[in-house]
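Given next are the chains, with one letter for each unit.
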Amino acid sequence: MSKSLAAFTPLPGFDGLYSARKGDLRCTAIRLRSGGLCLYSPVAGLENVALQSLADIGPVTHLLAPNHYHNKGLAAHRDAFPYATLSCPAAAQPRLIKQTGLDFADLSALTSDLPERTQIIDTQGLKTGEVWIEVDGNYGCLWIVTDAFRGPKSDNGLTDGQPELLGTFPKFGIADRQAYVAWLSETAATSKPTTLVPCHGAVVSRANLHVDLIGLLRG
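K.L.:
Explain the overall build of the protein chain here, please?
P.N.:
If you tally the helices and strands in the protein chain, you get seven helices and 12 strands. Taken against the 2.2 N^0.38 rule, which gives 17 Å for 219 residues, the C-alpha radius of gyration of the protein chain at 16 Å falls within 12% of a compact globule. On the principal axes, the C-alpha backbone points of the protein chain span a range of 45 × 35 × 35 Å. Per-residue burial for the protein chain yields a buried fraction of 53% across its 219 residues. For the protein chain, the proportion of contacts with a sequence separation of at least 24, taken over those separated by at least 6, is 57%. For the protein chain, the exposed area adds up to about 10,000 Å²; of that, 50% sits on carbon and sulfur atoms. Seen as two clouds, the 19 positive and the 20 negative side-chain charges of the protein chain have centres 7 Å apart.

Here it is as structure tokens:
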């Protein structure tokens, strides 16, 4: 697998969102009300890329570990951005502390600094503490997710291809399948996301994306 690095670049159609990848892993930067940036799922090895390519956009003020598995890049990013707040969902905190030895704040400060039409989604039925970000933009609704879904492996950019389930997710991510499927079905049908920004694989943009996501789980 290629480990090539890409600078943070804007996500088309969504102001204030930037994305960079190392191999198959993606980190997403979100511009906040304060003018700072939140890095959703910092990826090991992207800290210097973030320092260089985000310098003219704003300071990194928040580092978000969105579940308890995505922790490999946290220490290096904490060193690169020593004044940033390192935060995580409450359900993910015990394992993250055990795995990293770092201290984590709750999500309250980040939540209050999110821009308009942007919110944290607390998932239900999972055992990783995973949280998503929803952005209601001018070109539809966008979801930033961690391990729940992935984009196609073969495409490094924006694609209208089919989203996929991350292979390990059903076993290691889901605690209560019935509760998760019911929650996701209702949430996706209400929000109707058209763009998926996963931590794994390509960004997916489809008119009926919410139907595809529900179908993956029900299948």
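K.L.:
Help me understand the nonpolar core in this model?
P.N.:
One recurring pattern in soluble globular proteins is that nonpolar side chains are buried together. Core analysis: the largest hydrophobic core is formed by 42 residues, its most contacted members being Trp132, Trp143, Phe149 and Tyr180. Where this core is concerned, the elements lending two or more residues are strand 4 (37-40), strand 7 (118-122), strand 8 (131-137), strand 9 (140-145), helix 6 (177-191), strand 11 (193-198), strand 12 (203-205) and helix 7 (209-218). Among all residues touching Tyr180, those that are not within four sequence positions of it are Gln124, Gly125, Leu126, Trp132, Ala148, Phe149, Phe169, Ile174 and Leu217. Among the nonpolar cores identified, the runner-up in size contains 24 residues, and Ala20, Leu54, Ala84 and Phe104 belong to it.

K.L.:
Can you walk me through the pattern of salt bridges in this structure?
P.N.:
Side chains that differ in sign of charge can pair as their charged atoms come close. Across all of its chains, the model carries five salt bridges by this definition. Ionic pairing is found between Asp24 and Arg21, a salt bridge with its closest N-O pair at 3.5 Å. Residue classification places Arg21 among the buried positions, given a relative accessible area of 8%. Connected through salt bridges with shared partners, the residues Arg21, Asp24, Arg150 and Glu164 form a single ionic network.

K.L.:
What's the story with the pairing of strand 9 in this structure? I'm lost.
P.N.:
Regular strands show a simple pattern: their side chains alternate between the two faces of the sheet. The buried count for strand 9 comes to five of six residues, which makes it a mostly enclosed element. From the end of strand 8 to the start of strand 9, which pair antiparallel, there are two residues. In this structure, strand 9 lies alongside strand 11, joined through five bridges in parallel fashion. Paired with Ile144 across the bridge in strand 11 is Val197.

K.L.:
Explain the sheet that holds strand 12 here, please?
P.N.:
What holds strands together in a sheet is hydrogen bonding between their backbones, with the strands either parallel or antiparallel. Spatially, the six strands line up as an open sheet ordered 7-8-9-11-12-10, and their pairing is mixed. The two strands at the open ends of the sheet, each matched to only one other strand, are strand 7 and strand 10 (158-159). In the packing of helix 6 onto the sheet, the strands contacted are strand 7, strand 8, strand 9 and strand 11, and the crossing angle to strand 9 comes to about 145°. Lying over the sheet, helix 7 contacts strand 9, strand 11 and strand 12, oriented at roughly 60° with respect to strand 11.

K.L.:
Help me out: how do you make sense of the packing of aromatic side chains in this one?
P.N.:
The relative placement of two aromatic rings is captured by the distance of their centres and the angle of their planes. Counting across every chain of the model gives five aromatic pairs. Look at Trp132 and Trp143: their rings are 5.2 Å apart centre to centre, the planes differ by 45°, and that puts the pair in the tilted class. Pair noted here: Trp132 is in strand 8 and Trp143 is in strand 9, with a separation of 11 residues, a long-range link. Through a chain of ring-to-ring contacts, the aromatic side chains of Trp132, Trp143, Phe149, Phe169, Tyr180 and Trp183 assemble into a single cluster.

K.L.:
Is there a simple way to explain the environment of Glu47 in this structure?
P.N.:
With respect to the helices, strands and loops of the structure, Glu47 is situated in helix 1 (residues 47-53). Looking at Glu47, the relative accessible area reads 16%, which means it is buried. With 11 residues separating them in the primary sequence, Glu47 and Gly36 have C-alpha atoms 16 Å apart. Apart from the residues lying within four places of it in its own chain, the contact partners of Glu47 are Ala76, His77, Ala80 and Phe81.

K.L.:
For this particular structure, what's the right way to read the packing of helix 6 against helix 7?
P.N.:
Packed helix pairs are specified by the crossing angle of their axes together with the interaxial distance, meaning the distance between the axes. Relative orientation of the contacting elements helix 6 and helix 7 amounts to 170°, with a least axis distance of 9 Å. Viewed along their axes, helix 6 and helix 7 adopt a mutual orientation that is roughly antiparallel. Taking contact as the criterion, the partners of Arg177, Tyr180, Val181, Leu184, Ser185, Ala188 and Ala189 in helix 6 are, on helix 7, His210, Leu213, Ile214, Leu217 and Arg218. The residue makeup of the contact of helix 6 with helix 7, split by class, is eight nonpolar, two polar and two charged.

Conventions and cut-offs
Residues numbered from 1 in each chain as written. Predicted model: local features only at pLDDT ≥ 70, side-chain atom pairs only at ≥ 80, totals over all residues. Heavy atoms only, no water. Helix = DSSP H or I, 4+ residues; strand = E, 2+ residues; numbered from the N terminus. Rg over C-alpha atoms; globule rule 2.2 N^0.38 Å. Buried < 20%, exposed > 50% of the residue type's maximum accessible area, 1.4 Å probe, protein only. Contact = heavy atoms within 4.5 Å. Areas by Shrake-Rupley, 256 points an atom, 1.4 Å probe, with all protein chains shown as cover. Lys, Arg positive; Asp, Glu negative; His and termini not counted. Charge placed at Lys NZ, Arg CZ, Asp CG, Glu CD. Core = buried A, V, L, I, M, F, W, Y, C linked by side-chain atoms within 4.5 Å. Salt bridge = Lys/Arg side-chain N within 4 Å of Asp/Glu carboxyl O. Pairing = 2+ DSSP bridges. Axes fitted to C-alpha atoms, helices over the stretch in contact; angles between N-to-C directions. Phe/Tyr/Trp six-rings, centres within 6.5 Å; stacked < 30°, edge-to-face > 60°. Parallel < 35°, antiparallel > 145°, perpendicular 65-115°, else oblique. Nonpolar A, V, L, I, M, F, W, Y, C, P; charged D, E, K, R; others polar.

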